[in-house]
Amino acid sequence: MMRKKSVSASKASLVLFLCQMISALEVPLDSKLLEELSQPPTITQQSPKDYIVDPRENIVIQCEAKGKPPPSFSWTRNGTHFDIDKDAQVTMKPNSGTLVINIMNGGKAEAYEGVYQCTARNERGAAISNNIVIRPSRSPLWTKEKLEPNQVREGDSLVLHCRPPVGLPPPIIFWMDNAFQRLPQSERVSQGLNGDLYFSNVQPEDTREDYICYARFNHTQTIQQKQPISVKVFSMDSLNDTIAANLSDTDIYGAKPVTERQPVLLTPTGSTSTKVELRGNVLLLECIAAGLPTPVIRWIKEGGELPANRTFFENFKKTLKIIDVSEADSGNYKCIARNILGSAHHVISVTVKAAPYWITAPRNLVLSPGEDGTLICRANGNPKPNISWLANGVPIAIAPEDPSRKVDGDTIIFSHVQERSSAVYQCNASNEYGYLLANAFVNVLAEPPRILTSANKLYQVISDSPALLDCAYFGSPKPEIEWFKGVKGSILRGNEYIFHDNGTLEIPVAQKDSTGTYTCVARNELGKIQNEVQLEVKDPTMIIKQPEYKVVQRYGHVSFECIIKHDSTLLPTVIWLKDNDELPDDERFLVGKDNLTIMNVTDRDDGTYTCIVNTTLDSVSASAVLTVVAAPPTPAIIYARPNPPFDLELTGQLERSVELSWIPGDENNSPITNFVIEYEDGLHEPGVWHYQTEVPGTQTTVQLKLSPYVNYSFRVIAVNEIGRSQPSEPSEQYLTKSANPDENPSNVQGIGSEPDNLVITWESLKGFQSNGPGLQYKVSWRQKDVDDEWTSVIVANVSKYIVSGTPTFVPYEIKVQALNDLGYAPEPSEVIGHSGEDLPMVAPGNVQVHVVNSTLAKVHWDPVPLKTVRGHLQGYKVYYWKVQSLSRRSRRHVEKKILTFRGNKTFGMLPGLEPYSSYKLNVRVVNGKGEGPASPDKVFKTPEGVPSSPSFLKITNPTLDSLTLEWGSPTHPNGVLTSYILKFQPINNTHELGPLVEIRIPANESSLILKNLNYSTRYKFYFNAQTSVGSGSQITEEAVTIMDEAMASRQVDIATQGWFIGLMCAVALLILILLIVCFIRRNKGGKYPVKEKEDAHADPEIQPMKEDDGTFGEYSDAEDHKPLKKGSRTPSDRTVKKEDSDDSLVDYGEGVNGQFNEDGSFIGQYSGKKEKEPAEGNESSEAPSPVNAMNSFV
């Protein structure tokens, strides 16, 4: 029977459209196919709904669409047709619907404010864009006002009002001083959400005349400045001194000291307020309090908890920030301001409304003539949105009638469609907070089959691995696919093949005989087509002689072998690695065809060597360890490190060079290979020595290059094969003259630490690199791709500068130039940096889960727009957790698991799932700042799997012909148990297994009594559980039925017969006499007479044979002390192992009574004749016991 399953995206060669109905066609995104098929228009790109434009630049309103034939475009403005031919300032791009309004050539942006909508139309329908509201940005100037100085008593509260001009969009507010430095903020002094600057209590250090409020308008890249505000704080001490100077000694004076005050809320006012926020937005609540000491703010939600992972505190906990709010976040939020004198609080009632959001957006529908289908449009919101339908941009109520179409609320039902039913439908979901508009086309196609896979495509695989043969196809109605092997082969069927829904043929385990030509046939009622592909199955590559562990002495040589066997048609390449890295670039390493040889081995060669063999289809590897040991010492010559050089001398002193000479020390039997010259900068880093250069061991002078403004001292170190000498004594000092810097700082970077700043860092020049005193840096920056002038500042010898008030995550051009008292360094190169990141704004959409099997699922999502990432995209995180087991219906503690997928990846695999369980997951985008909001939780379920083995199997109550079995259900049923399978078979005396009996037991049973069994017989049981998927692991057990009572009584009678007892006594007496005789003869000398005769004849050819090697020798007394060989016993688990001895007391005639354990199971072994191991040097076998003899007559 054929097996079909869906191909995962990693194996599929084609991407499929997601269709609404099961009967809908899947159209591959094949470029050639799409060029030939008719298709209604689809809007592919459009401007945002609320489009704020720069009034100084041309207005570009985007509208791009695709379709076959290519669509034509038209526009409406404020609900009426917009004739672009009558406006010389407006043009439409060729082969596009995008409008360009020429503002830079005389047009005015205000004249083009309005609501625009684009329509893309061809013979199969019309698609429309959103309503695009065009508004030019505004950045008005600050209104003139007379600002009185603020005179405040120390400890009082103060509010400096900003009152920025109303702009579009609203400006970003920040406070700075005359030096363009951000005013420091703290728990005491902070900026409110409205831009005002709040002082919980003023201090004398707050006195200044340059409190300046700035408003930055991002669209126009302008900053407006309010007039400076003056604040003067009078302290109590200065006020008392002033009063005292103006009063006589008899006057009473004295201002009140600074008094502590309990908190009072500056904003919001009153005890309660309300706030409305939309679902998915960021909720910002603010409380700023006055008081002395400075109050501390705390937030709570009445009747609930603040949402974890979405709650943040900003502005020193004065602002409560909740991201991605939902209706569940509605409620009363209380802020509490507290200091040592008391507290104040304010309650903000938050209501979360929701603009429409999709539950199920309509999807494009491709149907064959006569088929049925549906378009579904479901949205939610608060209040609930109204759903309306349009056909080709016209309300469906007044659109041309289509008999195949029926509208039922949020669903359009199509029945028995024809080609004329093709159209584009629009679904509009709207409420008072916004709207959603989605286009979805219905395309009715009648097409004969087409095969998209290339003809005679060659597939090559390694034997015993899967082979996937593609047959990508399309047709309408959907074609049926069949596969054949060979020119006249029969249709392929059976479990050795897997037929995938996209036409792919999978051979799970390809063998050499799978090689050949395979034919794919696609047919529908309009035609038939076929395609041939070739499959070649290759032999696997093997390493038949692997490298082996080697130990080699230092300075020796070693060779590793790597002999391979491979398919004759594949060309292998052999690569050798050392410690998982490339071999050293050293001529001592010789790579041959089948080996690696290392000559003159050193200690550095110690490590792991790996041979890797690669072909175009497979790869194998093998490793071995090399251990290098020291060579035997040669005491004749003592090798040592050289003695240090001496008599260092500087000559030929110039501004940028000097000549150094020295006399070498003793080389100590190992030639000096090189000299290392180091220098000390006594001016900048005294006591620190740096590497300067090195020269061969035959050279004793060197010309050294110098840097300006360095006080040099030099020393020399000699090196031989043993090691380095001690450094020489330092040379005399030499101070070079100052000069301009030769170089600029390195590693210049621009990375924001906050969303509104740019932190420029660099590696400062070292002391000697400054080339002179007064080292400083000129830091310059400007926004990239914006025609701005460079902004520059000169800073001291530091390595960081912070630019404040930047837009979030914007690229900047940056350069840092060094200068000193003598001038500038050369012009520096520019680097690109970015202002600070902020958390991503939106969650990934269209999260879909495809369950691959009972333990593996694949999750897909749409990437978020890059502009909403607001930072460097690092990847996506998938949070998933088990909700409950579908078999037990019991919840457990939720343990969330997280998988991170790097980069702009839009899918991932979720391994290690539990079968037959319900799971939830969500996806979040991650940037350098952190995680964005989570997508709505997606629920998915894993199918059933096979169960684990039963938890236990006990066998009790043995009788002559029955046993009782009890068991426990599987610990992990992994589905709904359908039954238990019990198999059992008898085991005879020679451990041979009898016929196997199988019994199926209902799943609700937990015990069973097996009857009609043979008495005194051992049985082996195999027990497992089943679900609808299959059988699980089995558990085994063994048990024995009890012996017949009559047989037991006969055995007792035989064992108590007088003749048997007399025989046993005679045997025992005979053995005792023999032992006494042997003991007496040994006491006469410890040797037998034969030994005395051997000693008397010292024949060299007759040598005594040692006991250790099994030959003749002395008969030692030690032989008498060897323990007798013990017979093996039955294991405690009542199983009989073949390797154990089958001897028992019954076999030897010493235990004729059959004995039983407490549970009735037989202790002894099976009765009957058993062959014994022959005694050493004796071929005779032991006679059967009387009990066995009697049993043979029964």
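Going along each chain's sequence as written, the residues are numbered from 1 onward. Only residues with pLDDT of at least 70 are given local features in this predicted model, and only at 80 or more are side-chain atom pairs given and counted; all residues enter the totals for whole chains, interfaces and linings. Hydrogens are left out, water is left out, and the side-chain values use all remaining heavy atoms of the structure.

Secondary structure elements follow DSSP: runs of H or I no shorter than four residues count as helices, runs of E no shorter than two count as strands, and numbering proceeds from the N terminus. Checked against the element boundaries, R279 lands in the loop between β21 (272–278) and β22 (283–286). Accessibility expressed as a relative area gives 31% for R279, which makes it partly exposed. Spatially, the C-alpha atom of R279 lies 9.7 Å from that of A328, the residues being 49 residues apart in sequence. When a residue's accessible area, from a 1.4 Å probe over protein chains only, is under 20% of the maximum for its type it is buried; when over 50% it is exposed; and in between it is partly exposed.

The term disulfide is used for any two cysteine sulfur atoms that are within 2.5 Å. Summed over all chains, the structure comprises six disulfides. Here C162 is linked by a disulfide to C213, with a sulfur-sulfur distance of 1.9 Å. A torsion of -70 degrees about the S-S bond marks the disulfide between C162 and C213 as left-handed. With C162 in the loop between β13 (158–160) and β14 (172–176) and C213 in strand β17 (residues 208–217), this residue pair connects regions lying 51 residues apart in the sequence. Judged by relative accessible area, which is 0%, C213 ranks as buried. Counting its disulfide-bonded cysteines in sequence order, the protein shows a connectivity of 1-2, 3-4, 5-6, 7-8, 9-10, 11-12.

Attention now goes to the sheet that holds strand β42 (residues 480–485). Strand pairing follows a simple DSSP-based rule, namely that at least 2 bridges must link the two strands. Ordered in space as β39-β46-β45-β42, the four strands form an open sheet in which the pairing is mixed. Of all the strands in the sheet, the pair left with one neighbour each is β39 (457–462) and β42. Strand-to-strand, the axes of this sheet are offset by a mean angle of 25 degrees, without reference to chain direction. The sheet contact formed by β39 and strand β46 (residues 527–538) spans six bridges and is parallel. Throughout, an axis means a line fitted to C-alpha atoms (over the contacting stretch in the case of helices), and angles, computed between N-to-C directions, take values from 0 to 180 degrees.

Okay, the environment of I598 next. Considering the arrangement of structural elements, one finds I598 in strand β54 (residues 595–598). Residue I598 is classed as buried on the basis of its relative accessible area of 0%. Placed 41 residues apart in sequence, I598 and H557 show a C-alpha to C-alpha distance of 5.5 Å.

Before going further, it helps to spend a moment on the pattern of salt bridges. We count a salt bridge whenever a side-chain nitrogen from Lys or Arg sits within 4 Å of a carboxyl oxygen from Asp or Glu. Tallied over the full model, the rule gives 38 salt bridges. A salt bridge links D329 to R310, with the shortest nitrogen-to-oxygen separation between them at 3.0 Å. In this pair, D329 sits in the loop between β26 (319–322) and β27 (331–339) while R310 sits in the loop between β24 (296–301) and β25 (311–314), placing the two residues 19 residues apart along the sequence. Take R310: its relative accessible area is 21%, and that puts it in the partly exposed class. In this structure, the salt-bridge partner of D838 is R870, at a minimum N-O distance of 3.6 Å. In this pair, D838 is assigned in the loop between β71 (831–834) and β72 (845–853) and R870 in the loop between α3 (866–869) and β74 (873–885), connecting sequence segments 32 residues apart. Overall, the relative accessible area of 25% leaves R870 in the partly exposed class. When salt bridges that share partners are traced, they join D177, R208 and D210 into one network.

Turning to the pairing of strand β31 (residues 378–382), a few remarks are in order. Look at any regular strand and the pattern is simple: side chains alternate between the two faces of the sheet. Burial along β31 is one-sided: A379 and G381 are buried, while R378, N380 and N382, pointing the other way, are not. Pairing analysis gives four bridges linking strand β28 (residues 342–360) to β31, with the strands arranged antiparallel. Residue T360 lies in a different strand from β31, and its bridge partner there is R378.

This next bit is on the pairing of β24. With burial as the criterion, only one face of β24 is covered, namely that bearing I297, W299 and K301; the residues V296, R298 and I300 on the opposite face remain uncovered. Pairing geometry for β24 and β27, over six bridges, is antiparallel. Bridge pairing in β27 places W299 opposite C335.

Turning our attention to the sheet that holds strand β76 (residues 907–910). The three strands lie next to each other as β72-β73-β76, forming an open sheet whose pairing is antiparallel. Looking at the sheet topology across the chains shown, the edges are occupied by β72 and β76. With direction set aside, neighbouring strand axes in the sheet form an average angle of 20 degrees. Pairing between strand β73 (residues 856–862) and β76: four bridges, direction antiparallel.

With that settled, the discussion passes to the side chain of T736. Checked against the element boundaries, T736 lands in the loop between β63 (734–735) and β64 (746–751). A relative accessible area of 4% places T736 in the buried class. A polar contact of 2.6 Å, which involves the side chain of T736, links it to the backbone oxygen of S707. T736 has contacts with E655, L706, S707, P708, Y709, V710 and Y712, leaving out every residue within four places of it along the chain. Whenever a nitrogen or oxygen atom comes within 3.5 Å of another N or O atom, the pair is scored as a polar contact, on the condition that within protein one atom can donate a hydrogen and the other can accept it, and that pairs from neighbouring residues in sequence are kept only if both atoms are in side chains. Should any heavy atoms of two residues lie within 4.5 Å, those residues are considered in contact.

Only buried Ala, Val, Leu, Ile, Met, Phe, Trp, Tyr and Cys residues count toward a nonpolar core, and they belong to the same one when joined by side-chain atoms within 4.5 Å. Ranked by size, the top nonpolar core spans 30 residues in total, and within it I59, I61, W75, I101, Y116 and I134 carry the most contacts. For this core, the secondary-structure elements that each account for two or more residues are β2 (50–53), β3 (59–61), β4 (63–68), β5 (72–77), β8 (99–101), β9 (114–122) and β11 (132–136). The element best represented in this core is β9, accounting for three residues. With near-sequence residues (within four places) excluded, I101 lies in contact with N58, I59, I61, Q89, V90, Y112 and Y116. Of all hydrophobic cores here, the second largest spans 20 residues; its members include L648, W662, L704 and V710.

Turning next to unusual backbone geometry. Cis geometry marks the peptide bond from L292 to P293; its omega dihedral reads 0 degrees. On the secondary structure map, P293 appears in the loop between β23 (288–292) and β24. Following S476, the chain continues into P477 via a peptide bond in cis, with omega recorded as 5 degrees. Tracing the backbone through its elements, the reader meets P477 in the loop between β41 (473–476) and β42. In this structure, N456 is a non-glycine residue whose phi angle is positive, near 55 degrees. Within the element layout of this structure, N456 appears in the loop between β38 (447–451) and β39. We note that N974 has phi near 55 degrees; this positive angle belongs to a residue other than glycine. Position of N974 among the secondary structure elements: in the loop between β80 (963–970) and β81 (979–987).

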